[in-house]
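Structural features, examined
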Amino acid sequence: MNSPRIPIALHHAVMHCLRERLQFANQALGSQYSEPSVSYQQRGATAGTAWLQQWEIRLNPVLLLENQQAFIDEVVPHELAHLLVYARFGRVAPHGKEWRWMMEQILQTPAKRTHRFATASVQGKTYPYRCACQQHQLSVRRHYRAQRGDATYRCLKCGKPLQFDAMPPT
């Protein structure tokens, strides 16, 4: 599957935000962290990921195109904060106190753990599962793991195991 092409102006906006926030961090921390590489390889409903050892940020091109400035304002600093926390503190909780501090105090951005972008356009096929209290939709990956017996998923409300609903209600 090919990634959609990112218009050059949008890529420049991503890089401007990244460079500006990196400059904030370097000044505030008295450091000279290098600019991470940016790729548009992220898939699914995930907006972005920080590849710590590669010093790389991967962004979802579809969600970027659909949400442009909101995506840049939220996701780019979020992923940069993960890289900076790793460089400064090593391996710590992904959205722990160090990450929140980096987001709010250093990058001057609200520390939100997850995005609120519509994901219908990037949502993959799902499979219906039931517990004692409701129906759930599992991703293809989770469905196959459950069918192979590699994983058991439980409802967060009732705690009962999810069972594949081969005949969902019509």
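Refer to the structure above for everything that follows.
Report follows, based on the coordinates.

1. A word on the sheet that holds strand E6 (residues 163–164)
Remark on secondary structure: sheet strands pair via backbone hydrogen bonds, oriented parallel or antiparallel. Strand order across the open sheet formed by three strands is E5-E4-E6, with antiparallel pairing between neighbours. For this open sheet the edge positions go to strand E5 (135–139) and E6, each flanked by a neighbour on one side alone. Where helix H4 (residues 140–148) meets the sheet, it contacts strand E4 (126–130), E5 and E6, and its direction lies at approximately 100° from that of E5.

2. Some words on the packing of aromatic side chains
Within the structure shown, the criterion is met by five aromatic pairs. Residues Phe 89 and Trp 101 carry aromatic rings whose centres are separated by 6.1 Å and whose planes lie at 75° to one another, so their mutual orientation is edge-to-face. One end of the pair, Phe 89, is in helix H2 (residues 61–89); the other, Trp 101, is in helix H3 (residues 97–106), with 12 residues separating them in the sequence. Judged by its relative accessible area of 37%, Phe 89 falls in the partly exposed class. Judged by its relative accessible area of 32%, Trp 101 is partly exposed. In textbook terms, an aromatic cluster arises when at least three aromatic residues are bridged by ring pairs, as seen for Tyr 127, Tyr 129, Tyr 144 and Phe 164. For Arg 58, the ring lying beneath its charged end belongs to Trp 51, and the centroid distance is 3.7 Å.

3. Topic: a nonpolar patch on the surface
A cluster of nonpolar side chains, namely Phe 89, Val 92 and Trp 101, defines an oily patch on the protein surface of about 230 Å² accessible area. For Val 92, the location among the structural elements is in the loop between H2 and H3.

4. Some remarks on the pairing of strand E3 (residues 56–59)
Alignment of strand E1 (residues 37–39) against E3, held across three bridges, turns out to be parallel. Across the sheet, Ser 37 pairs through a bridge with Glu 56, a residue of E3. Here strand E2 (residues 48–51) folds back onto E3 in antiparallel fashion, the turn holding four residues, of which Trp 55 has a positive phi close to 55°.

5. Comments concerning the state of the cysteines
Counting across every chain of the model gives zero disulfides. With no disulfide partner, Cys 155 has as its closest neighbouring cysteine sulfur the one in Cys 131, 3.7 Å distant. No disulfide involves Cys 158; its nearest neighbouring cysteine sulfur is the one of Cys 131, lying 3.7 Å away. Of the residues examined, Cys 158 reaches a relative accessible area of 31% and is grouped as partly exposed.

6. Describing the pattern of salt bridges
Evaluation of the coordinates by the stated rule reveals six salt bridges. Between Arg 148 and Asp 150 there is a salt bridge, and its shortest N-O distance comes to 2.7 Å. For Arg 148, a relative accessible area of 54% corresponds to the exposed category.

7. Structural notes on the nonpolar core
Judged by nonpolar contacts, the single largest core of 33 residues is most densely connected at Val 14, Leu 59, Leu 64, Phe 71, Leu 84, Met 102 and Leu 107. If you list the elements that add at least two residues to this core, you get helix H1 (8–29), E3, H2 and H3. It is H2 that provides the largest number of residues to this core, a total of 11 residues. Look past the residues within four positions of Val 14 in its chain and what remains in contact with it is Val 38, Tyr 40, Leu 59, Leu 64, Ile 72 and Val 76. Judged by nonpolar contacts, the second largest core, of eight residues, contains Tyr 127, Tyr 129, Ala 151 and Cys 155.

8. Some points on the sheet that holds E3
Reading across from one edge, E1-E3-E2 is the order of the three strands in this open sheet, with mixed pairing throughout. Across the chains shown, the open sheet's two edge strands, defined by having one partner strand only, are E1 and E2. Pairs of neighbouring strands in the sheet enclose a mean axial angle of 20°, with direction left out of account. As paired elements, E2 and E3 share four bridges and run antiparallel to each other. The residue of E3 that forms the bridge with Thr 49 is Arg 58.

The rules behind these values
Residues numbered from 1 in each chain as written. Predicted model: local features only at pLDDT ≥ 70, side-chain atom pairs only at ≥ 80, totals over all residues. Heavy atoms only, no water. Pairing = 2+ DSSP bridges. Helix = DSSP H or I, 4+ residues; strand = E, 2+ residues; numbered from the N terminus. Contact = heavy atoms within 4.5 Å. Axes fitted to C-alpha atoms, helices over the stretch in contact; angles between N-to-C directions. Phe/Tyr/Trp six-rings, centres within 6.5 Å; stacked < 30°, edge-to-face > 60°. Buried < 20%, exposed > 50% of the residue type's maximum accessible area, 1.4 Å probe, protein only. Lys NZ or Arg CZ within 6 Å of the ring centre and 35° of its normal. Patch = residues over 30% accessible without salt bridge, like charges linked within 9 Å, V, L, I, M, F, W, Y side chains within 5 Å. Areas by Shrake-Rupley, 256 points an atom, 1.4 Å probe, with all protein chains shown as cover. Salt bridge = Lys/Arg side-chain N within 4 Å of Asp/Glu carboxyl O. Disulfide = S-S within 2.5 Å. Core = buried A, V, L, I, M, F, W, Y, C linked by side-chain atoms within 4.5 Å.

Don't take any of this as a statement about function, it's just geometry.
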